[in-house]
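Report on the structure
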Amino acid sequence: MALSGISRVRRQLPTSPWLFAAPGLLVTGAFVLYPFVSTLVNSFTDRRTLIPGRFVGLANFRELLHDDMFWTGLRNSTLYVLGVVPLLVVLPLLLALLVQKNIPGITFFRSAFYTPVVASIVVVGLIWVWLLDDRGLVNAMLETVGVGRVGFLSDQWLLLMSAMAVTVWKGLGYYMIIYLAALGNVPRELHEAAAVDGAGAVRRFLSVTVPAVRSTMVLVGALSSVAAFKVFSEVYLLAGPSGGPAGEDTTLVMLVQRTGTGLTGRVGYASALSVVVFAVTVALMLLVLRADRKEES
């Protein structure tokens, strides 16, 4: 009787892991794999919101090459990566070094720096709009000191830089926590040995801290690169649905949203844009990892 029960359990074991994994696999299939495959298929069709569409091959991708808004979105998304990623790699590390020390009241500052991370992006966007508007607090202060009003939200480049500032401000606390975890694994003896050899604070930072957290810096660079290239909320909230003056601050993800939504949305063309965004983000991650491996070798 006992032997038959054991053999029955052994026969059931091969399928048991799949039963435990089934809920996660179903969710992944329904909300990740199916949308990905559907977007890939739609990119080769002329599908619209209420029209199934027909197969058109590479027509959507050829149209991209002649679409001025696509090149504008690609330019802005690329500039966003170049402007945001270096700051999000370096500044959170410096911030983590500051809050790493156990001094009275440091917990308050850690919480304060992390607060923007948990705040709603809509609330954050509205706060920055109120600050940077022509009648906002920042312009009122500038006018008081005699500088005059600055068109933070009406000038093409100032608006894009303002959105970058919001992204950096909101992301500092998140990446600071990642660096804090990495700094906790750096042996204190290395800093003590460097100090004995006469190395100052800057020298210890460059010779001890940076090499010890280099892998974390690569991780932060990869994560922030992908997030910056897919930016949507910050620019949308500051620039509005039109994408700033004459749409010159439109990013690729904003263009996907604008093209593929509504009763007359061009789902096929928006899907082709989405495929391009996916390909570029994968390429960014591969470039970061390749640079890291080259540096290690």
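The coordinates are above.
Notes on the structure in this doc start here. (Residues numbered from 1 in each chain as written. Predicted model: local features only at pLDDT ≥ 70, side-chain atom pairs only at ≥ 80, totals over all residues. Heavy atoms only, no water.)

Things to note about the overall build of the protein
This is how the line gets drawn: Helix numbering and strand numbering both begin at the N terminus, where a helix is a DSSP run of H or I of at least 4 residues and a strand a DSSP run of E of at least 2. Each radius of gyration reported is based on C-alpha atoms, and the globular scaling rule is 2.2 Å times the count of residues to the power 0.38. Burial status follows relative accessibility: with a 1.4 Å probe on protein chains alone, a residue under 20% of its type maximum counts as buried, one over 50% as exposed, and anything between as partly exposed. Between two residues, a contact is recorded if the distance between any of their heavy atoms is within 4.5 Å. The Shrake-Rupley method, run with a 1.4 Å probe sphere, supplies the accessible areas, and residue values consider only the shown protein chains as cover. Charge assignment in this entry is limited to Lys and Arg as positive and Asp and Glu as negative, and neither His nor the chain termini are counted. We put the charge of a Lys on NZ, of an Arg on CZ, of an Asp on CG and of a Glu on CD.
Per the secondary structure count, the protein includes 14 helices and 0 strands. From first element to last, N terminus to C terminus, the protein shows the α and β order α-α-α-α-α-α-α-α-α-α-α-α-α-α. By the compact-globule yardstick of 19 Å for 297 residues, the protein is too spread out, its C-alpha radius of gyration being 25 Å. Across its three principal directions, the C-alpha atoms of the protein cover 75 × 65 × 40 Å. Residue burial in the protein is summarised as follows: out of 297 residues, 35% are buried. A separation threshold of at least 6 residues defines the contact pool for the protein, and within that pool the share at least 24 residues apart is 67%. When the accessible surface of the protein is split by element, carbon and sulfur atoms take 69% of a total near 17700 Å². Once the 23 positive and 17 negative side-chain charges of the protein are each reduced to a mean point, those two points are 12 Å apart.

Details of the pattern of salt bridges
As a reminder, the rule being used: One side-chain nitrogen of Lys or Arg within 4 Å of one carboxyl oxygen of Asp or Glu is enough to make a salt bridge.
Here the structure, examined in full by the defined rule, presents 4 salt bridges. Residue Arg149 pairs with Glu143 through a salt bridge whose shortest N-O separation is 2.9 Å.

Looking at the packing of helix H4 (residues 68–99) against helix H13 (residues 252–260)
The geometry of a pair of packed helices is captured by two quantities: the angle between their axes and the separation between those axes. To keep things clear, this is the line we draw: A fitted line through C-alpha atoms represents every axis, and for helices the fit uses only the stretch in contact; the resulting angles, taken between N-to-C directions, go from 0 to 180 degrees. Nonpolar residues are Ala, Val, Leu, Ile, Met, Phe, Trp, Tyr, Cys and Pro. Charged residues are Asp, Glu, Lys and Arg, and all others, Gly as well, are polar.
Closest axis-to-axis distance for the H4/H13 pair is 7 Å, and the angle between their directions is 145°. Of the residues in H13, those in contact with Met69, Phe70, Gly73, Leu74 and Ser77 of H4 are Leu252, Leu255 and Arg258. Of the residues assigned to the contact of H4 with H13, the class counts are 5 nonpolar, 2 polar and 1 charged.

Looking at the packing of aromatic side chains
Selection criterion: Classification of ring pairs rests on two measures: the distance between centres of Phe, Tyr or Trp rings, Trp counted by its six-membered ring, which must be within 6.5 Å, and the angle between planes, read as stacked under 30 degrees, edge-to-face over 60 and tilted in between.
Taken as a whole, this structure holds 7 aromatic pairs when the rule is applied. Taken together, a centroid distance of 5.7 Å and an interplanar angle of 50° make the contact between Phe44 and Phe61 tilted. Taken together, the positions of Phe44 in the loop between helix H2 (16–42) and helix H3 (59–65) and Phe61 in helix H3 put the pair 17 residues apart, joining distant regions of the chain. When its relative accessible area of 26% is taken as the criterion, Phe44 is described as partly exposed. Ring geometry for Phe70 and Trp71: centres 5.2 Å apart, planes at 65°, overall edge-to-face. Here Trp71 falls in the partly exposed class, since its relative accessible area comes to 42%.

As for the nonpolar core
What counts, and what does not: What we call a nonpolar core is a set of buried Ala, Val, Leu, Ile, Met, Phe, Trp, Tyr and Cys residues that are connected through their side-chain atoms within 4.5 Å.
Grouped together as the largest cluster of nonpolar side chains are 57 residues, with contacts concentrated most on Phe70 and Tyr80. For this core, the elements supplying multiple residues, two or more each, are H4, helix H6 (121–132), helix H8 (156–183), helix H10 (201–212), helix H11 (214–229), helix H12 (233–239), H13 and helix H14 (267–296). Setting aside chain neighbours within four positions, we find Tyr80 in contact with Val85, Leu160, Ala163, Met164, Thr167, Ala228, Val231, Glu234 and Val235.

Considerations on H6
Which entries qualify depends on this criterion: One less than the number of residues in a helix, times 1.5 Å, gives the span that helix is expected to have. The arc in question is the one spanned by the directions pointing from the helix axis to the C-beta atoms.
In this model H6 runs 16 Å from its N-terminal to its C-terminal C-alpha over 12 residues, within 8% of the 16 Å that 1.5 Å per residue would give. All of the buried residues in H6 are Val124, Gly125, Trp128, Val129 and Leu132. What you see down the axis of H6 is that its buried residues fit within an arc of 135°, all on one side. Against helix H7 (137–144), H8 and H12 lie the buried residues of H6.

Examining a nonpolar patch on the surface
To keep it simple, the criterion reads: Patches draw on residues past 30% relative accessible area with no salt bridge. Two like charges within 9 Å are joined, as are two nonpolar side chains (Val, Leu, Ile, Met, Phe, Trp, Tyr) within 5 Å.
There is a patch of nonpolar side chains on the surface, built from Phe36, Val37, Leu40, Val41, Phe278, Val282, Leu286 and Leu289 and spanning about 680 Å² of accessible area. Only H2 and H14 provide two or more residues apiece to the nonpolar patch. Residue position: Val37 is located in helix H2.

Quick notes on the side chain of Ser271
Summarising the element assignment, Ser271 is placed in helix H14. Look past the residues within four positions of Ser271 in its chain and what remains in contact with it is Thr39, Asn42 and Ser43.

Side note on the packing of H4 against helix H5 (residues 106–118)
We apply this condition: To sort the angles, those under 35 degrees are grouped as roughly parallel, those over 145 as roughly antiparallel, those from 65 to 115 as roughly perpendicular, and the leftovers as oblique.
Close contact between H4 and H5 brings their axes to 10 Å; oriented N to C, the two are set at 160°. With respect to their mutual orientation, H4 and H5 come out roughly antiparallel. For the pair H4 and H5, the contacting residues are Leu95, Leu98 and Val99 in the first and Ile106, Arg110 and Phe113 in the second. When the residues that make up the contact of H4 with H5 are grouped by side-chain class, the tally is 5 nonpolar, no polar and 1 charged.

Looking at unusual backbone geometry
Not every positive phi belongs to a glycine, and Ala246 is a case in point at roughly 60°. Residue classification places Ala246 among the exposed positions, given a relative accessible area of 73%.

Some remarks on the environment of Leu263
The topology assignment puts Leu263 in the loop between H13 and H14. Relative accessible area serves as the criterion here: at 67%, Leu263 is assigned to the exposed category. On a C-alpha basis, the gap between Leu263 and Arg48 in space is 8.2 Å, while along the polypeptide they are 215 residues apart. Beyond its immediate chain neighbours, meaning those up to four positions away, Leu263 contacts Thr49 and Leu50.

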